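Single-letter residue listing:
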Amino acid sequence: MHVLKYWFGYTLSTVRGWLYALRPGKRPFVRNDRVRNSPLYDDVCTWQKTQMESMTFENDRPVKALKGTVDLALMRRIHRRTLLEIKHELGDLWRPSSVTLDKGRGISLDQSIAIMHRLRDAGFPDDALGVVSVEFAGRRHSFAIVQDAPDDFWMLDNGMFSFSPVRGSVLLSARKDVHVLIGFNFFDVWNY
């Protein structure tokens, strides 16, 4: 992504986020496990199995314990760096994050998984990280999340909704056309 495009989008996204925050009625996002009928459920479970086998081989297995801290300044830096290094491309298939990072491009899901891995490597708790896939205007899109509150999370999007991190309760309350399909991390699958 071009640096000027990023900073222009970041500024516009920040202003839009503040305007959304002024609206009354925020939507709480509490995880539930009623997602077995999602069209993405089987794909996510396959990804999780492959990912866990890979990480077990590397002796780096994710844990559900809240080990680590959520550093918002570091979160913003990792998000920015990933958007500047990994270009968005259209496609259907997702790749392992190592391939996405090597090629420097990927679909929104690839970008989201790369952000999640980078945050994990930076010491964020495994249980606080995830990816959420949504549907709007007849197409799917994904973004990384950092869930630092029981009923809310930070959205780390690739610019489709926002170039800057924004609260899910703020943006998704304002965007009634966005339907959450599934959320997942290394070991859990959920919905809201």
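Quick summary incoming for the structure in this document. Because the structure is predicted, anything quoted here is derived from the model rather than measured.

Basis of the calculations
- Residues numbered from 1 in each chain as written.
- Predicted model: local features only at pLDDT ≥ 70, side-chain atom pairs only at ≥ 80, totals over all residues.
- Heavy atoms only, no water.
- Salt bridge = Lys/Arg side-chain N within 4 Å of Asp/Glu carboxyl O.
- Helix = DSSP H or I, 4+ residues; strand = E, 2+ residues; numbered from the N terminus.
- Buried < 20%, exposed > 50% of the residue type's maximum accessible area, 1.4 Å probe, protein only.
- Pairing = 2+ DSSP bridges.
- Contact = heavy atoms within 4.5 Å.
- Axes fitted to C-alpha atoms, helices over the stretch in contact; angles between N-to-C directions.
- Phe/Tyr/Trp six-rings, centres within 6.5 Å; stacked < 30°, edge-to-face > 60°.
- Lys NZ or Arg CZ within 6 Å of the ring centre and 35° of its normal.

If you walk through the whole model with that rule in mind, you get seven salt bridges. Arginine 81 serves as the salt-bridge partner of glutamate 85, at 3.6 Å between the closest nitrogen and oxygen. Of this pair, glutamate 85 and arginine 81 are both found in helix α3 (residues 72-85), four residues apart, which corresponds to roughly one turn of the helix. Residue glutamate 85 is classed as partly exposed on the basis of its relative accessible area, which comes to 39%. Between glutamate 85 and arginine 118 there is a salt bridge, with the nearest N and O atoms lying 2.6 Å from each other. Of this pair, glutamate 85 sits in helix α3 while arginine 118 sits in helix α5 (residues 108-121); the two residues are 33 residues apart in sequence, bridging distant segments of the chain. Shared partners join several salt bridges into a network, and the residues in it are Arg81, Glu85 and Arg118.

Taken in spatial order, the six strands of this open sheet run β6-β5-β4-β3-β7-β8, and their pairing is antiparallel. Among the strands making up the open sheet, the edge pair consists of β6 (166-167) and β8 (189-190). Sheet topology places strand β4 (residues 139-149) next to strand β5 (residues 152-156); four bridges connect them, and they run antiparallel. In the strand pairing of β5, alanine 144 is matched with leucine 156. Those strands touched by α3 are β4 and β5, and its axis lies near 30° from that of β5. Strands in contact with α5 are β3 (129-136), β4, β5 and β7 (179-184); relative to β3, the strand with the most contacts, it is inclined by about 160°.

This paragraph deals with the environment of lysine 49. Along the chain, the position of lysine 49 falls in helix α2 (residues 41-57). With 137 residues separating them along the chain, lysine 49 and phenylalanine 186 place their C-alpha atoms 8.6 Å apart.

Our next topic: the packing of aromatic side chains. If you walk through the whole model with that rule in mind, you get eleven aromatic pairs. Here phenylalanine 29 and phenylalanine 153 contribute two aromatic rings whose centre-to-centre distance is 5.1 Å and whose plane-to-plane angle is 55°, an arrangement assigned as tilted. Residue phenylalanine 29 is located in the loop between α1 (3-22) and α2, and its partner phenylalanine 153 is located in strand β5; the two are separated by 124 residues in the primary sequence. By way of ring pairs, the aromatic residues Tyr6, Trp7, Tyr10 and Phe163 are connected into one cluster. The positively charged end of arginine 31 is found above the aromatic ring belonging to tryptophan 190, 3.6 Å away from the centroid. We note arginine 175 situated over the ring of phenylalanine 136; from NZ or CZ to the ring centre the distance is 5.8 Å.

Taken across its five residues, β5 has five buried, putting it largely inside the fold. Of the two faces of β5, the one lined by Asp152, Trp154 and Leu156 and the one lined by Phe153 and Met155 are each fully buried. The hairpin turn running from β4 into β5, its antiparallel successor, is two residues long. Two strands pair when backbone bridges link them, and β5 and β6 are joined in this way by two bridges, in the antiparallel orientation. Bridge pairing links tryptophan 154 to arginine 167 in β6.

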